[in-house]
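Structural overview for review
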Amino acid sequence: MSVKQAVDSMLSEAVDRKLIPGVVAIATDRDSAIYQGAFGVRSLGDGGEMSIDAVALLASMTKAITATAAMQLVERGLIGLDEPISQKLPALASVQVLDGFGRDGKAILRAPRRQLTLRHLLTHTSGFGYDFLSADIQRFEAERGLPTVLSGDPAALQIPLLFDPGARWEYGIGIDWVGRVIERLSGQTLSDYLSEHVLGPLGMRDTTFHLRPDMRSRLARIHARQADGSLVPTDIELAARPDFDMGGAGLYGTLVDYMKFVRMVLNGGAAERGRVLQAATILQMQRNQIGEIDVPGIFSADPSLTNDLPLPADNPHKWGLAWLINTKPLDTGRPAGSQMWAGITNCYYWIDPANGIGGALMTQILPFADPVAFPLFMQFEAELYKSLR
């Protein structure tokens, strides 16, 4: 059985059994797609078929693109990875660390013991967290009347650090602040900067913070997994705000486009329309940037948005400057030193520079780490590696 037959069968079966509404999967080598398939519907009940060019909320798959833009500024000498970030973005000069809550229920805050840097923000060692992963942040937001991060309101960034920069790994809003740094140093909105310097050179026309009418017509609807395993369409959509492009989670796009980004990484920063990053920069982004710290995985404080997704203790995972790095081979066949990450809507991607391949699988389901979608991604990856043997 060919890889196409095997993956087609696997994905179509998941749809036929009504385990997922629809799915898109694409794999690529350094030159072009080596597998692509789309099955099911964009939304339960309306009959619109899922297609290769279906548009999805990429959510945290946005982060690697924003990190790429930040590294362009590093290459240009506009900012250093280890200089105090407050020198470039004064708004971060007053950030404080949350040291718990007093008997009166109010937050106890203190100054950080270490200066916050771009490296901290890019590696999720800044101390910034996410409210859906931290009950303390939820409590702080309630006390201060702050919106949640998925509201798309820039006021959601006004939260304290959970620990001193560099102390440990915690997934959070650091890349949204990186987007603000890019805007400050470039004099452009993040949307305009990415369009000119990253998305444009890569030919990623169908990737944007602001949905065009033709993209909306191909938009896959987000579904919610119920306790009984069934799926219900939702009206969840990020609010488009002209004053805030969410560098950590705000892009909508297609997997066809995202493979252009993956190919750029596999080709050491080179793309069909020109070089996006220097080869040395790509290599730096692919190396462990957090030293002895391990990435523990994801642990939920809001089951409606994410399930727990711990990482295996016998395979320590690290973080580069844009993505997760496995230090040992995975059962799927992905070798040590490869990269991957995901979006909360159960979109997943991987990049394997050793074999020169990468891929992604897209559904639009909440909560994250879905018991069907995540294993499906891993099975898809495994089928691709079988074909390399």
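The following paragraphs examine the structure supplied in this document. (Residues numbered from 1 in each chain as written. Predicted model: local features only at pLDDT ≥ 70, side-chain atom pairs only at ≥ 80, totals over all residues. Heavy atoms only, no water.)

The next subject is the sheet that holds strand β6 (residues 223-225). Spatial ordering of the open sheet is given by β7-β6-β18, a layout of three strands whose pairing is mixed. The open sheet is flanked by β7 (231-233) and β18 (365-366), the only strands paired with a single partner. When β6 meets β7, the two strands line up antiparallel, connected through three bridges. Along β7, the bridge assignment pairs R225 with L231. (Pairing = 2+ DSSP bridges. Helix = DSSP H or I, 4+ residues; strand = E, 2+ residues; numbered from the N terminus.)

On to the pattern of salt bridges, then. Going through the model one piece at a time under the given rule, you end up with 23 salt bridges. When the shortest N-O distance is used, the salt bridge between D8 and K4 registers 3.0 Å. Highlighted residues: D8 and K4, both in helix α1 (residues 3-16), separated by four residues, approximately one helical turn. Judged by its relative accessible area of 19%, D8 falls in the buried class. Take K4: its relative accessible area is 44%, and that puts it in the partly exposed class. A salt bridge links R212 to D206; its shortest N-O distance comes to 2.8 Å. (Salt bridge = Lys/Arg side-chain N within 4 Å of Asp/Glu carboxyl O. Buried < 20%, exposed > 50% of the residue type's maximum accessible area, 1.4 Å probe, protein only.)

This brings us to the packing of aromatic side chains. A full pass over the atoms with the stated rule returns 17 aromatic pairs. Both rings, one in W350 and one in F380, keep their centres 5.8 Å apart while their planes meet at 75°; by these two values the pair is edge-to-face. You can see W350 sitting in strand β16 (residues 347-352) and its partner F380 sitting in helix α10 (residues 373-386), a full 30 residues away along the chain. Aromatic ring contacts, followed pair by pair, group Y35, Y348, W350, F368, F374, F377, F380 and Y385 into a single cluster. Sitting over the ring of F101, R139 keeps its end group 4.0 Å from the ring centre. (Phe/Tyr/Trp six-rings, centres within 6.5 Å; stacked < 30°, edge-to-face > 60°. Lys NZ or Arg CZ within 6 Å of the ring centre and 35° of its normal.)

It is worth spelling out the environment of G203 at this point. As for its position among the elements, G203 is in the loop between α6 (190-202) and α7 (213-216). Taking C-alpha positions, G203 is 28 Å from L376, a pair spaced 173 residues apart along the chain.

The subject of this paragraph is the sheet that holds β16. Spatial strand order, β2-β1-β17-β16-β15-β14-β13: seven strands in an open sheet with antiparallel pairing. Only two strands of the sheet have a single partner each, and these edge strands are β2 (33-40) and β13 (317-319). Neighbour to neighbour, the strand axes of the sheet diverge by 15° on average, direction disregarded. Where β13 meets strand β14 (residues 324-326), three bridges bridge the pair, whose relative direction is antiparallel. Bridge pairing links W319 to L324 in β14. Along the sheet, α1 contacts β1 (22-28), β2 and β17 (357-362); its crossing angle with β2, the most-contacted strand, is approximately 20°. (Axes fitted to C-alpha atoms, helices over the stretch in contact; angles between N-to-C directions. Contact = heavy atoms within 4.5 Å.)

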